[in-house]
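So you can see what is in the structure, the chains are spelled out below.
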Protein chains: 2
Amino acid sequence: MGAGLYGANKCFRHVTERVSTDGCGAEDLVVFHHQTSFTRLFAHLTCSVLSGAGDDFLSMAECQYIIKHQLEALRAEDETHVPGYSQAKLYPGKSIIRRLQSKGILVQMFPLHDKEELKRLSFSWYRTVRLSLQPLDAIRRYFGEGQALYFGFLEYFTIALLPMAVLGVPYYLFDWENYDKYVLFAVFNLVWCTVLLEVWKRYSATLAYCWGTLSRKKAFEEPRPGFHGVLGLNPVTGRKEPVFPSVSRQLRIYLVSLPFVLLCLYLSLYVMMIYFQLEGWALSVYDEDPTLWTEVLTYIPSIVYAVVIEAVNLLYRYAAEFLTEWENHRRESSYQNHLVLKVLVFNFFNCFASLFYIAFVMQDMLLLRQSLATLLITSQVLNQLMEAFLPYWLQRRRNKKMIRKVLRRRAIEEKELPLAEQVRLEADMNTYLGTFDDYLELFLLFGYVSLFSCIYPLAAVLVVLNNITEVYSDAFKMCKLFKRPFADPAGSIGVWQLAFETISVIAVVTNCALIGMSPQVKAYFPESATQLILWTVAVEHLLLGFKFILAFLIPDVPKHIRVKLAQIEFESLEALKKKKALYFSETESKINDSV
Amino acid sequence: MGAGLYGANKCFRHVTERVSTDGCGAEDLVVFHHQTSFTRLFAHLTCSVLSGAGDDFLSMAECQYIIKHQLEALRAEDETHVPGYSQAKLYPGKSIIRRLQSKGILVQMFPLHDKEELKRLSFSWYRTVRLSLQPLDAIRRYFGEGQALYFGFLEYFTIALLPMAVLGVPYYLFDWENYDKYVLFAVFNLVWCTVLLEVWKRYSATLAYCWGTLSRKKAFEEPRPGFHGVLGLNPVTGRKEPVFPSVSRQLRIYLVSLPFVLLCLYLSLYVMMIYFQLEGWALSVYDEDPTLWTEVLTYIPSIVYAVVIEAVNLLYRYAAEFLTEWENHRRESSYQNHLVLKVLVFNFFNCFASLFYIAFVMQDMLLLRQSLATLLITSQVLNQLMEAFLPYWLQRRRNKKMIRKVLRRRAIEEKELPLAEQVRLEADMNTYLGTFDDYLELFLLFGYVSLFSCIYPLAAVLVVLNNITEVYSDAFKMCKLFKRPFADPAGSIGVWQLAFETISVIAVVTNCALIGMSPQVKAYFPESATQLILWTVAVEHLLLGFKFILAFLIPDVPKHIRVKLAQIEFESLEALKKKKALYFSETESKINDSV
């Protein structure tokens, strides 16, 4: 770091001083704001790339990312302890911010909302109900690429569902009892979920190219904050840092986490079996005494089961986070992958096991349709409650509290809060925990639609409606309910692409099986069930093979983007050649001069 | 290119002069040899990387590669035509060597063998029969990474087959008629072919890391020599070069090549049906009159069919090359991929269609075993004839011719031929066409072993024997029969890894089906064939899923190599930071001085 480090250390003092003069007390807040001189100081540090460019050269999210990176890269040089905290020792070369966080001196670190920008963004995004697309570029400027890609995917998924929803309504209206006419719909499903993901990959590459994150190289990853271990040598950098033997981690994963996940899956299966018993009991009651009340009773087990599923998913989520934390992964990406894997497997199993059981073991299409509808509607209602109503209610409560506060400090004008006040206010807001839960919800919805929607064509319609409200509630909560999150630069939706593709492979299998079980297809093989199964399996294998070939043949990046990337690489190579040639000719002439 | 280009152009004149003074006549040969001053001239051009290092810094293969690259990068600057050939015009910025080749002025371009090195290599490689492994490093030094990886894979495959061969012999000896006992063998097969390829990937990465080609970035690809089109602008470089619309290419591929391949597949199916008819006829003759002669007759259709398969494969190969050439691919890699795809699909179909038909349509395991044995043995005998006997015979003929020549020019000493003579001699040798055919052979052998060897356990033994002779005959032909090929730097076996992996996926399907069809397993489901099929399919899906998860979980590069790569990257980043810091502090002090 050399020169940079000295400046940064000076700057660190600057932070504490500056914030304390603002009256917040250095002990609980480090704040930064886009327009302060502080930002400019950092922008100066990040040198040549930034200098000489206009205001639009870096988006707000990018500035934030640089600032965060610089703050985290502040390393102690000659200080032995944090100024004013003699018990908080500093070691040369260690991150100061991490130390402050682990010692509890620094409680929170977050970027502030920019009221002006936020107002503009929210007006073009969710304040007015209209038919246009979301302002992805503006979202990306304010929140960063990770957020923008999530909203892009949500929008894309919703639009891609429209043809299915349009097809689904007449199917539902005219064929309600003719549920064996779903073969066509299943075939449509098959093609749809393959094409959907391939096209998304290309669209996402186009977005990422425009945002400059497509060919982003991963930086060298520092250990994640929660990582601990005995002090040892990092084999890569040769520096002293906590080291945790990977054998211990493997043992924790395979001897504790894996059995725990399997146990949870077993418990989930157990709950499912109880549900089927209740269901059977309710049906028998209805058969004995078919009144309105007993008919309502038949729906109750499904609804209870759906609520239980949601609750268990939530509980499991905490357990998975705890376990993954305990596995003590060194890198954030590895932690995320293990967490996503744990949560996805369980949630998939928990939500879909009963549907698979009904479809392929009980082979009761009527019950399958009813279960699917109940599951989908209940989980949507719950989600909307949690994501739209609860936020709205919280916002109103918060508004009241704010007004009370403002009344108490009458001196302050209502519109323009001083910085310190804004900091206090935003510090109380909830912390946004990343796009994980949002993607997880989409993942499950995608599963319902692609796996079983041929049985219940209205599913696509319900998902479209859910997604539209989701856009608004998510936008609202991002802008109004949460602290502004740190921007994270992303070139794709990462591990979620893989998760959705896995679902689409499973969708080929289920849809083929559903087609094979349909009375129409069965009618073609009146004499032999074996023939029918063999044909179904053969077709399924062909489709799977075709799907893999298709995924292989369709390039992940559209051609015009590939040409542009090649162009950039070619130009940089040419520039390098010229620079080298210049260098050699200069050296040569120097040698000639000296001779 | 700047300074480099001028030097290179001068050097081009140097080549023609030098070769003509050696008495070969510039019109038919451009030669280069490791130890000539010419090499040193180029080594000088390739600047700082090469200078200041000992003789071992670059392998012979690497020197060659650099020379070839430099020769191909010779571009006309101010010349308007090839010196001495006024009809061969040169355009500024165009490759001179390409022009010479296309005008027929330059007939051949090849590196010379190094007699000393070759002798040393051949002694440690194939001259002495012994149990040790091949000298892969020496092969890589002499022939380059592409060759060395092929021999490495051949060796690895042979060693990996040993357990199967050892298991196969007692199976064959004691269970010959008990052919329903193959379930265990099929399970072994399943695991084996998955593990084999995963481990190879890691081993190949280790080799490539040692050879420095693991993280090789692909250079910007020039159009391949055969590419033609109207003059237009390259969208990437902005330079004028032949352009061929990709729509026309797509049309050629989908409207001509694809139908042609399908037609060939159909014809191959037709030939197969004829074979089955002949087979049936021969069997009926044997049934009517069971003598020794009619028993021999029953084997004849299989042998004829095996010979026909080999012949048709060869014919198709030429057609595929012609078609792929006609598709007019711009880049060599794209040409290679299309050729490999065409040839693989057809060869796979042609060799395995009859086996699949016998196994899954006729369900005749006895006939399957007989066909597999005949196919395998016939194709091996043919291959050995073509690859070991024919080379030996050619070598003897060549030796005689050489002795005759030497006798004619009595003045020349027998041991040390002058350069010009060596050039003439090697120019007459065959040109080595790359590792394509060698890999193709391994591909088909891998197919026989992994798909059906549970039916005929001796297959592994036969393949091991074949591979051992293959090592010797391939080594012999590389060293003695062919012109020395240009080295090609490679980091992996490329598209072949994918091809082998595809086979291993198909192997899961076939082995599961064979297990499902075995009398033992059938005995578990005496009442219902449907149950049996459903279980087989379920197990197969689980295995496929497990295989994909396994391939995903096992890292392609071993951990110690990943640590080393990260180390290198970290160090280069640190060096860059230091350099930048130095640059800024210098600039700062200059500014301070001027102030």
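Keep in mind the model is a prediction, meaning the values are calculated, not measured.

Engineer: Even after reading the chapter, I still don't get the overall build of chain A, so can you show me in this structure?
Structural biologist: The secondary structure content of chain A amounts to 19 helices and six strands. For chain A, with 595 residues in total, the buried portion stands at 45%. Across chain A, contacts joining residues at least 24 apart in sequence account for 76% of those joining residues at least 6 apart. Here chain A displays about 31400 Å² of accessible surface, and carbon together with sulfur accounts for 65% of that area.

Engineer: I would appreciate a short explanation of the UniProt feature "transmembrane region" (unreviewed entry) in chain A in the present structure.
Structural biologist: All names here are of chain A. Under the present numbering, the feature "transmembrane region" (unreviewed entry) in UniProt falls on residues 148-170, 182-200, 253-276, 296-318, 339-360, 372-394, 442-465 and 532-554. Helix makes up 100% of residues 253-276 and strand 0%, and the two end C-alpha atoms of the span are 33 Å apart. Taken end to end, residues 296-318 has its terminal C-alpha atoms 34 Å apart, with 100% of it in helix and 0% in strand.

Engineer: What am I meant to see in the pairing of strand β5 (residues 230-233) of chain A here?
Structural biologist: Side-chain direction in a regular strand flips from residue to residue, so the side chains alternate between the two faces of the sheet. Residue and element names in this part refer to chain A. Looking at chain direction, β5 and strand β6 (residues 240-243) are connected through four bridges and run antiparallel. Paired with L233 across the bridge in β6 is K240. Counting the residues in the hairpin turn of β5 and β6 gives six residues, including G238, whose phi is positive at 75°.

Engineer: Is there a simple way to explain the confidence of the model for chain A in this structure?
Structural biologist: Any region with low pLDDT has predicted coordinates that should not be read closely. All names here are of chain A. A residue-level look at chain A finds 85% of positions with pLDDT of 70 or above and a mean pLDDT of 79. Mean pLDDT values for the elements of chain A range from 35 in helix α1 (residues 3-21) up to 92 in helix α9 (residues 246-288). Contacts for the low-pLDDT stretch residues 1-54, under 50 throughout, to residues beyond four places or in other chains number 91 contacts. With pTM at 0.83, the complex prediction returns an ipTM value of 0.79.

Engineer: I keep staring at a positive patch on the surface and nothing clicks. Help me out?
Structural biologist: Together, A:R396, A:R397, A:K400, A:K401 and A:R404 give the surface a local cluster of positive charge. Residue position: A:R397 is located in helix α12 (residues 365-408).

Engineer: Please explain the interface of chain B and chain A as it appears in this structure.
Structural biologist: If you look at the interface, chain B gives 30 residues, while chain A gives 30 residues. Contact between chain B and chain A buries roughly 2600 Å² in total, counting both sides, with carbon and sulfur atoms accounting for 72%. Counting every contact that joins chain B to chain A gives zero salt bridges. Applying the counting criterion to the chain B and chain A interface returns four residue pairs in polar contact (both at pLDDT 80 or more).

Engineer: Explain the environment of A:H81 to me, please; I cannot follow it from the model alone.
Structural biologist: Residue and element names in this part refer to chain A. You can see H81 is positioned in strand β2 (residues 81-82). By relative accessible area, H81 is classed as partly exposed at 32%. Residues H81 and E310 lie 229 residues apart in sequence; the distance between their C-alpha atoms is 48 Å.

Engineer: Mind showing me how you'd approach the side chain of B:R317 here?
Structural biologist: Tracing the backbone shows B:R317 in helix α10 (residues 292-326). A relative accessible area of 12% means that B:R317 is categorised as buried.

Engineer: When you look at the pattern of salt bridges in this model, what are you seeing that I'm missing?
Structural biologist: Close approach of charged atoms allows side chains of opposite charge to pair. If you walk through the whole model with that rule in mind, you get 24 salt bridges over all chains. With its nearest N and O atoms 3.0 Å apart, the salt bridge here joins B:R140 to B:E145. When its relative accessible area of 4% is taken as the criterion, B:E145 is described as buried. Taking the shortest distance from any N to any O, the salt bridge between B:K477 and B:D438 comes out at 3.2 Å. Placement of B:K477 in helix α15 (residues 458-481) and of B:D438 in helix α14 (residues 436-452) is noted, with a sequence separation of 39 residues between them. Each member of the pair, B:K477 as well as B:D438, is classed as buried. What you see here is one network of salt bridges that share partners, running through A:E198, A:K201, A:E501 and A:D556.

Engineer: Help me out: how do you make sense of the packing of helix α6 (residues 136-143) of chain B against helix α8 (residues 183-211) of chain B in this one?
Structural biologist: To describe two helices that pack against each other, one gives the angle between their axes and the distance between the axes. Residue and element names in this part refer to chain B. Between α6 and α8, whose axes approach to 12 Å, the crossing angle comes to 55°. On the basis of their axis angle, the class for α6 and α8 is oblique. Judged by the sense of rotation from one axis to the other, the crossing of α6 with α8 is right-handed. Every residue of α8 that contacts α6 at L136, D137 and R140 is listed here: Y203, L207 and W211. Class assignment for the residues of the contact of α6 with α8 results in four nonpolar, no polar and two charged.

Engineer: Looking at this model, I keep getting lost on α6(B). Mind explaining?
Structural biologist: An α-helical segment advances 3.6 residues per turn. Residues three or four places apart therefore align on the same side. Residue and element names in this part refer to chain B. When you tally the buried positions in α6, you get six out of eight residues, the bulk of the element. L136, A138, I139, R140, Y142 and F143 are the residues of α6 that are buried. Residues of α6 that are buried sit in contact with α3 (60-72), α5 (115-127), α7 (145-174), α8 and α15. With its phi angle positive at about 100°, G144 sits one or two positions after the end of α6.

Engineer: Just checking my understanding: could you explain the relation of the copies chain B and chain A for this structure?
Structural biologist: Copy one and copy two of the chain differ by a rotation about a common axis and a shift along it. Overlay of chain B on chain A (RMSD 0.1 Å): rotation 180°, translation along the axis 0.0 Å. Considering both components of the superposition, the chain copies are consistent with a two-fold axis. Taking the C-alpha atom as reference, chain B places B:T530 closest to the rotation axis, 2.7 Å from it. Of all interface residues in chain B, 100% are interface residues in chain A too; the two copies therefore contact each other through one and the same surface.

Engineer: Help me understand the pairing of strand β3 (residues 85-89) of chain A in this model?
Structural biologist: Residue and element names in this part refer to chain A. Taken together, the two bridges between β2 and β3 define a ladder with antiparallel strand orientation. Bridge pairing links V82 to Y85 in β3. Between β2 and β3, which pair antiparallel one after the other, the connecting turn spans two residues, and G84 there sits at a positive phi close to 90°.

Engineer: For this particular structure, what's the right way to read a nonpolar patch on the surface?
Structural biologist: On the surface, a cluster of nonpolar side chains totalling about 770 Å² of accessible area is made up of A:Y254, A:L258, A:L262, A:V495, A:L498, B:I549, B:F552 and B:L553. Listing elements by their share of the nonpolar patch, those giving two or more residues are α9 and α16 (495-517) of chain A together with α18 (529-553) of chain B. Here A:V495 is to be found in helix α16. In this structure A:V495 comes out as partly exposed when scored by relative accessible area, which is 32%.

Engineer: Just checking my understanding: could you explain the packing of α8(B) against helix α19 (residues 559-594) of chain B for this structure?
Structural biologist: Residue and element names in this part refer to chain B. In contact at an axis separation of 10 Å, α8 and α19 are set at 40° when each is read in the N-to-C sense. For the element pair α8 and α19, the recorded crossing hand is left-handed. Where α8 abuts α19, its residues R202, T206 and Y209 lie against K559, H560, I561, K564, L565 and I568. Of the residues in the contact of α8 with α19, the class split is four nonpolar, two polar and three charged.

Procedures and definitions
Residues numbered from 1 in each chain as written. Chains lettered and ligands numbered in written order. Predicted model: local features only at pLDDT ≥ 70, side-chain atom pairs only at ≥ 80, totals over all residues. Heavy atoms only, no water. Helix = DSSP H or I, 4+ residues; strand = E, 2+ residues; numbered from the N terminus. Buried < 20%, exposed > 50% of the residue type's maximum accessible area, 1.4 Å probe, protein only. Contact = heavy atoms within 4.5 Å. Areas by Shrake-Rupley, 256 points an atom, 1.4 Å probe, with all protein chains shown as cover. UniProt positions renumbered as here; feature names shortened; annotations may be inferred. Pairing = 2+ DSSP bridges. pLDDT = per-residue confidence, 0-100. Patch = residues over 30% accessible without salt bridge, like charges linked within 9 Å, V, L, I, M, F, W, Y side chains within 5 Å. Salt bridge = Lys/Arg side-chain N within 4 Å of Asp/Glu carboxyl O. Lys, Arg positive; Asp, Glu negative; His and termini not counted. Charge placed at Lys NZ, Arg CZ, Asp CG, Glu CD. Buried area = accessible area lost by both parts, 1.4 Å probe. Polar contact = N/O pair within 3.5 Å; in protein donor to acceptor, adjacent residues only side chain to side chain. Axes fitted to C-alpha atoms, helices over the stretch in contact; angles between N-to-C directions. Parallel < 35°, antiparallel > 145°, perpendicular 65-115°, else oblique. Left-handed = near helix turned anticlockwise from the far one by under 90°. Nonpolar A, V, L, I, M, F, W, Y, C, P; charged D, E, K, R; others polar. Least-squares fit on C-alpha atoms with pLDDT ≥ 70 in both.

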